[in-house]
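Report on the structure
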Amino acid sequence: RGTSASARPIAVGGGMNENDIRAGLRDIAEHEVPDDINLIPAVQRKLRRERRYNVPPSLTRIAAILILTLLSTVTAFAVVQYQHQRYDPGLDSAATQGLFVEFNRTQRVSDIDVTLQRGYADANRIVLTTEIVYDLYQVERPEGGFNINYRLFDTTTSEEIPPVPLGGGGGGGSSSGTPSIMVNIGRDAAFDGSVITGDPETLDLRLEITFATHPTRRDGTSSGGGGGGEMMQPPADQPTMMPLPSPVPVDQFESFTVTFDNLRLPFVDEYVVPKLDAQTVSDVTMTVEQVTVTPSLTALDFCYTVPGSDKLWTPVAHIDTGDDIINVTPMIGPENVTDGRTCVEMRVPLPYVPGEEQTWTFRVDYLRGSFMETEANAERVRQMLAERGLNTELFQTGTGEIITRYGMGFNRGDSPADTTRIIEDVFSQIGGRIDGPWTFSFSVP
C-alpha cells in the first residue's frame, strides 16, 4: 500500500523517566495493537507525471504501521495513536465528489467511545469510517488486548456482507491532571460491495463492532501478545508512570458489541468494461477476464500461462488513467495457479469521476520469477542491494519455501529515490524475468 503515514505524537511528561515511558509504550504496543497491523515497512512510492502511486501487493494485504512518536513535554498525559497506513486515492476521490454520508454517531459502552463517522457504498466496496477512543487507566481490557471485529449486515435481505481488509487513519486524544493514556483507533472498515444483487438505489445496513479476546494458541497464550500489564521499573530515585491496571484473564472477560442500526447509504453502480482482446508476447498469452470500475475501486481480473515453467511468475504492472499512474505488483501464490494457468483478482483504489470520458491503460511490463527462500539467496539479495546503495535487513518466513518477495526493513542512511526499481531488478536477476509488455487499453465514461 507505497505511501508514508503521517505521525501523530505521543505526548509524555510530568517528569517521567524515559526508560519507564519506553517500557510503558512497549507494553501498550504488545497488548493493544489490532491483529491486522503489519509492522514491516512498505516500499515507498516513486513519482511520475503529476502523481504516481505504488499499490502494495493487494488490498487484502495492506501494510499498516503503528506509529509511536515520542515527544518530551511538560504535560501529564499520554496519547497513543494506532495509525493504519492509509493509501486510498479512490476513497479520497469519492470524498471529494461528496459521495460519503456523514453519520457522526457516538456510543459509550464500558468506558469506550465508539463513533461511526461516515459511510460510502458502491458495487465494489462499502466503507464505514469509525473511531474508537478509550483510556487505558479506565477500561477493563483482556489479556492480549482487545480483538475488535467489524460485521456488516444488509437489513433488507438479512445477509452478512463479507469484509475486505483495508487500513484507515485515526485522531488523537488528551487528558490532564490524573494519569491517563488515551488510545485512539481510527479505521475505514471495508466490505465487499460486489455481493449486492439487483440494482438498489440505497442500502439499509447494520454495523456491529465486537470487543472480544484474541484466539488462544495451543500453548494457552493469547495470539494478541503476552499477558499482563507490567512495565520495567526505573531506579528508585527516578519518578515513575503509574502502572496500568492488570488486564482481565481471557477466560473471565465478557465480550460486548456496539451496534449502529438504520444506516442508509446511496448505492453507486459499477461500469463494466467490454471484453478485451488477448495479448501474446514472449510466448505468454494474457487475457483480461473482467474490469469493473466504481468511484472508489477498480476490480481487474486477468490470467496468463507461462509454457514449460513450474515457477510462480509475478506480474509487475501499472495502470495509467491519464492523470495518475498506479504501480501494481500483486502477491502471487500457489492458490493462484490452476492447471498451469495463473489468474489474479486485482483490486486497485483508482480515482474515478463518472461522466469524465477517459482512456485507461493496464500494462504488465514483465513477469518476475520466484526463487527458493534460503540463507544463501537471502545473503545474495542483501549484497546485491548493498552494491546499489540500498542497505536492508531481510526477514524470512520459513526455510525452503518458494517466495516472490522478501520482507525488508530499511536501515538508517540515505536510500535512493528509485528504491522500487532497484529491488525489482535484483529480484529479477535471481528469479528470472520474462519481458512484455502486455498492454490493454479501454474507455471509461
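Refer to the structure presented above.
Predicted model, so just to flag it, every value in this text is computed and none were measured.

**Describing the side chain of Asp 154**
- With respect to the helices, strands and loops of the structure, Asp 154 is situated in strand 8 (residues 147-154).
- Buried and without a salt bridge, Asp 154 has Arg 206 as its closest oppositely charged side chain, separated by 8.8 Å.
- Here Asp 154 is in contact with Glu 159, Ile 161, Ile 196, Asp 204 and Leu 205, once residues within four sequence places are set aside.

**Considering the packing of helix 3 (residues 375-387) against helix 4 (residues 419-431)**
- Contact geometry for helix 3 and helix 4: axes closest at 10 Å, N-to-C directions at 140°. Considered as vectors, helix 3 and helix 4 are oriented oblique to each other. With respect to the hand of their crossing, helix 3 and helix 4 are arranged in right-handed fashion. Contacts between helix 3 and helix 4 pair Asn 377, Arg 380, Val 381, Met 384 and Leu 385 from the former with Ile 422, Ile 423, Val 426, Phe 427, Gln 429 and Ile 430 from the latter.
- Of the residues belonging to the contact of helix 3 with helix 4, the class tally is eight nonpolar, two polar and one charged.

**Some remarks on helix 3**
- When the terminal C-alpha atoms of helix 3 are compared, their 18 Å separation across 13 residues agrees well with the 18 Å that a helix rising 1.5 Å per residue should span.
- Gly 389 sits one or two positions beyond helix 3 and adopts a positive phi of about 85°.

**A look at the packing of aromatic side chains**
- Going through the model one piece at a time under the given rule, you end up with twelve aromatic pairs.
- Taken together, the aromatic side chains of Tyr 134, Phe 146, Phe 211, Phe 253 and Phe 256 make up a single cluster linked through ring pairs.
- Sitting over the ring of Phe 100, Arg 118 keeps its end group 3.8 Å from the ring centre.
- Between Arg 433 and the ring centre of Tyr 366, over which it is positioned, the NZ or CZ distance is 3.7 Å.

What counts as what
Residues numbered from 1 in each chain as written. Predicted model: local features only at pLDDT ≥ 70, side-chain atom pairs only at ≥ 80, totals over all residues. Heavy atoms only, no water. Helix = DSSP H or I, 4+ residues; strand = E, 2+ residues; numbered from the N terminus. Buried < 20%, exposed > 50% of the residue type's maximum accessible area, 1.4 Å probe, protein only. Lys, Arg positive; Asp, Glu negative; His and termini not counted. Salt bridge = Lys/Arg side-chain N within 4 Å of Asp/Glu carboxyl O. Contact = heavy atoms within 4.5 Å. Axes fitted to C-alpha atoms, helices over the stretch in contact; angles between N-to-C directions. Parallel < 35°, antiparallel > 145°, perpendicular 65-115°, else oblique. Left-handed = near helix turned anticlockwise from the far one by under 90°. Nonpolar A, V, L, I, M, F, W, Y, C, P; charged D, E, K, R; others polar. Expected span 1.5 Å × (residues − 1). Phe/Tyr/Trp six-rings, centres within 6.5 Å; stacked < 30°, edge-to-face > 60°. Lys NZ or Arg CZ within 6 Å of the ring centre and 35° of its normal.

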